[in-house]
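Now for the letters of each chain:
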Amino acid sequence: MVAVHRVVFSARAPKLAQRILEFEFTREHVLKTLHAEPRTELDRAFQTIVRNRVNRGGILAPGAGLVKHGEGGRGLAQRWYPETLAQRIMVLSAHQDRVRVTQGDALNILEQTPFSPGTVIFVDPPYTAGAKSAGKRLYTHHALDHERLFRACAGLRVPWLMTHEHDPNVMALAWQNGLSWRSVKMVSGHNVTARELVVGRDFRWAEGLGSLLLPGTVTQPSLFGPDNNLEQVETTAEYPPQ
Ligand SMILES: C[S@@+](CC[C@H](N)C(=O)[O-])C[C@H]1O[C@@H](n2cnc3c(N)ncnc32)[C@H](O)[C@@H]1O
């Protein structure tokens with residue numbers, strides 16, 4: 001995945017967009033792309049985007065199956081929107097002077113970086129802290145010390161926000177570290193409604209933001225397309241349960 005981020009925020013972004021626009025989307029070409037050994041980072045970025053688009057649920061971890069039945073009989077191509085993808089890549093790429101992509105252990109980065117005032121941090125860990133966590137299936141790198149992550153976040157001196165799974169273990173971690181959470185309804189690409197948590201130090205900042213924390217539809221921006229909708233925020237859960 002880091003190949004995609006690196007290429008998008010580099011001078012190679014137009015080449016990636018061009019390759020997406022010129023790709024002749026047939027089952028044969030898709031399989032050839034997925035099985036090819038990438039020779040360059042651009043190859044790898046393109047392969048990752050194709051894989052994300054044709055694997056069920058966009059799952060990149062090994063073993064994920066291919067999309068079978070698409071909307072409107074589009075089959076494998078049900079989530080292949082080349083113009084949208086190319087356009088988003090170019091929109092993001094316009095900010096390349098302001099973005100530095102690094103690859104490393106986020107726990108070390110959170111604990112050791114002297115973040116300057118004005119920094120705002122969004123933390124999006126794999127959902128692997130709960131009893132029925134989905135993250136183990138979704139991500140190759142799913143093992144994470146969630147206790148350490150919560151401690152690191154609680155110690156940050158700059159504003160931050162984390163999304164996490166709607167699970168008592170996560171609420172307990174937040175509670176133990178003096179943090180708050182809000183419950184958020186989200187609708188996945190398969191129109192499955194699930195709840196997740198937004199965790200933070202406090203949510204006073206959101207009091208005036210009716211559209212975020214009151215019923216209404218919030219669309220989650222995504223590089224990949226119109227399949228991630230954050231719907232509406234519900235209530236504040238209590239922990240420990242009364
Ligand atoms: C929910 S996904 C984040 C998706 C990301 N926000 C995006 O839009 O592409 C969680 C990611 O955390 C990564 N991860 C797991 N442990 C990590 C660690 N210690 N440091 C950095 N990343 C880690 C996983 O590989 C996985 O890709």
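Only a predicted model underlies this, so the values are computations on that prediction, with no experimental measurement involved. (Residues numbered from 1 in each chain as written. Predicted model: local features only at pLDDT ≥ 70, side-chain atom pairs only at ≥ 80, totals over all residues.)

A.B. asks: What is the right way to look at the site of the ligand in this model?
C.D. replies: If you check the shell around the ligand, you find D105, A106, L107, D124, P125, P126, Y139, H141 and L144 and nothing else. Residues belonging to the shell around the ligand are distributed by class as follows: six nonpolar, one polar and two charged. (Near = placed C-beta within 6 Å. Nonpolar A, V, L, I, M, F, W, Y, C, P; charged D, E, K, R; others polar.)

A.B. asks: Got a minute to help me understand the packing of helix α3 (residues 27–35) against helix α4 (residues 41–54) in this structure?
C.D. replies: The angle between the axes and the distance between the axes are what describe a pair of packed helices. Contact geometry for α3 and α4: axes closest at 9 Å, N-to-C directions at 125 degrees. Classified by the interaxial angle, the pair formed by α3 and α4 is oblique. α3 and α4 meet at a crossing whose hand is left-handed. For the pair formed by α3 and α4, the contact residues are V30, T33 and L34 on the first element and Q47, V50, R51 and V54 on the second. Of the residues contributing to the contact of α3 with α4, the split by class is four nonpolar, two polar and one charged. (Axes fitted to C-alpha atoms, helices over the stretch in contact; angles between N-to-C directions. Helix = DSSP H or I, 4+ residues; strand = E, 2+ residues; numbered from the N terminus. Parallel < 35°, antiparallel > 145°, perpendicular 65-115°, else oblique. Left-handed = near helix turned anticlockwise from the far one by under 90°. Contact = placed C-beta atoms within 7 Å.)

A.B. asks: Would you take a moment to explain the confidence of the model for the protein chain for this structure?
C.D. replies: The predicted structure's coordinates, where accompanied by low pLDDT, should not be read in detail. Counting all residues, the mean pLDDT for the protein chain is 82, and 78% of those residues have values of 70 or more. At the level of individual helices and strands, the protein chain shows its lowest average pLDDT in strand β6 (residues 229–233), which scores 37, and its highest in helix α2 (residues 13–22), which scores 98. Under a pLDDT of 50 for its full length, residues 213–222 has, in the predicted model, 17 contacts with residues more than four places off or in other chains. (pLDDT = per-residue confidence, 0-100.)

A.B. asks: What exactly am I supposed to notice about the nonpolar core here?
C.D. replies: A general tendency of soluble globular proteins is for nonpolar side chains to be buried together. Membership of the largest hydrophobic core comes to 17 residues, with the highest contact counts inside it found for V7, V8, L16, A45 and I49. Mapped onto this core, the elements with two or more residues apiece are α1 (2–8), α2, α4 and α5 (82–93). Top element by residues in this core is α4. It accounts for five residues. With 14 residues, the next largest nonpolar core counts A129, L149, C153 and L173 among its residues. (Core = buried A, V, L, I, M, F, W, Y, C linked by C-beta atoms within 7 Å. Buried ≥ 20, exposed ≤ 12 C-beta atoms within 10 Å, placed from the backbone.)

A.B. asks: Is there a simple way to think about α4 in this case?
C.D. replies: An α-helical turn contains 3.6 residues, so any two residues separated by three or four positions project in the same direction. With 14 residues, α4 ought to run about 20 Å at 1.5 Å a step, and its terminal C-alpha atoms sit 20 Å apart, in line with that. Looking at α4, one finds that the buried residues are A45, F46, I49, V50, N52, R53 and V54. Tucked into the core, α4 has its buried residues touching α1, α2, α3 and α5. (Expected span 1.5 Å × (residues − 1).)

A.B. asks: Looking at this structure, I do not really get the pairing of strand β2 (residues 160–165). What am I missing?
C.D. replies: With three bridges connecting them, strand β1 (residues 121–123) and β2 associate as parallel partners. Paired with I121 across the strands is W160, a residue of β2. Note: β2 against strand β4 (residues 193–200), four bridges, orientation antiparallel. Paired with E165 across the two strands is E196, which belongs to β4. (Pairing = 2+ DSSP bridges.)

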